[in-house]
Amino acid sequence: DTAEVRIFNLKKDLRHFVGTLATTVEVFAGRTTPAPSIFKGEIIDGESSRSFDFIDWETEIDAEDTKSKMRTRIVSRTYSAGTMLHAALRDLAAAAEAQIDIHVTDKALPDSMSFLARPRDCLAKLVDRFGLRYQIRNQRIVVSNANDAIVTAQVPLINASTGLIGVPTVKREKLVVKVSFQTMLNPALLPGGLCHLETNAVESGRRAKLNPSATYWINRRTHYGDT
């Protein structure tokens, strides 16, 4: 996950802190009090500048949820046949200086595997070998079965009464039906989890069918401001 945070008229010492010393940023937003956390990540860059009319100071913070070393470090690893999967996953996580949660049964590698790449690419190849998947959540690596929901606490209901905006769209890509919709901010909508969508505002075509009430995987979630 990535975030671009824009803050107006910070004091000079805070602008300096964001641009030089600050390491993490957390964003709280929502329609409830207290507002829930919707993002926490590492600051990649923080830059302050005058607005176009020279009236305000604007501070822009670029951040990412993925550990930086997951993307920038190059690791060289060879795991021989018989190496346990959990041990290999923890070794790659340690190379990226990241914490890992493993929710799959341990098993031995049937043959050797060698890697010379970024930790995130090594992890992707390793989990794909066993039909698994991994995801970064709250700066932790979460490994699960490909068909298991990583977020299982609740399945939020999305309809006109709970904040659905406009009409959902449906399309078919590589035999997979993909649905997109907009809704008022809901922190329970988490990538890797599920949601239940109810709508009668669109009729399906022949290629992609949208049921009036169905549960869907959440692959991507984007927050944006609208006044």
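In the block above lies the structure referred to throughout.
The rules behind the values
Residues numbered from 1 in each chain as written. Predicted model: local features only at pLDDT ≥ 70, side-chain atom pairs only at ≥ 80, totals over all residues. Heavy atoms only, no water. Patch = residues over 30% accessible without salt bridge, like charges linked within 9 Å, V, L, I, M, F, W, Y side chains within 5 Å. Areas by Shrake-Rupley, 256 points an atom, 1.4 Å probe, with all protein chains shown as cover. Salt bridge = Lys/Arg side-chain N within 4 Å of Asp/Glu carboxyl O. Lys, Arg positive; Asp, Glu negative; His and termini not counted. Charge placed at Lys NZ, Arg CZ, Asp CG, Glu CD. Helix = DSSP H or I, 4+ residues; strand = E, 2+ residues; numbered from the N terminus. Buried < 20%, exposed > 50% of the residue type's maximum accessible area, 1.4 Å probe, protein only.

Trainee: Please explain a negative patch on the surface as it appears in this structure.
Mentor: Taken together, the side chains of Glu-4, Asp-45, Glu-47 and Asp-62 make up a negatively charged region of the molecular surface. Its location among the elements puts Glu-4 in strand β1 (residues 2-8). On the basis of relative accessible area, Glu-4 is assigned to the exposed category, the value being 57%.

Trainee: Please clarify how the pattern of salt bridges should be interpreted in this entry.
Mentor: Note that side chains of opposite charge can pair when their charged atoms are close. What the rule picks out here adds up to eight salt bridges. We note a salt bridge from Arg-129 to Asp-111, for which the minimum N-O separation is 2.3 Å. Placement of Arg-129 in helix α4 (residues 119-129) and of Asp-111 in the loop between β6 (99-102) and β7 (113-117) is noted, with a sequence separation of 18 residues between them. For Asp-111, a relative accessible area of 37% puts it in the partly exposed group. Glu-173 is paired through a salt bridge with Lys-171; the nearest N and O atoms lie 3.1 Å apart.

Trainee: Explain unusual backbone geometry here, please?
Mentor: Residues apart from glycine generally show negative phi values, whereas peptide bonds are mostly found in trans. In this structure, Pro-34 follows Thr-33 across a cis peptide bond, with omega equal to 0 degrees. With respect to the helices and strands, the residue Pro-34 is situated in the loop between β2 (24-28) and β3 (37-50). In this structure, Phe-54 is a non-glycine residue whose phi angle is positive, near 60 degrees. Position of Phe-54 relative to the elements: it lies in the loop between β3 and β4 (57-64). Judged by relative accessible area, Phe-54 falls into the exposed class, the value being 63%. Positive phi outside glycine occurs at Glu-97, with the angle close to 55 degrees. Looking at the element boundaries, Glu-97 is found in the loop between α3 (85-95) and β6. Residue classification places Glu-97 among the partly exposed residues on the basis of a relative accessible area of 47%.

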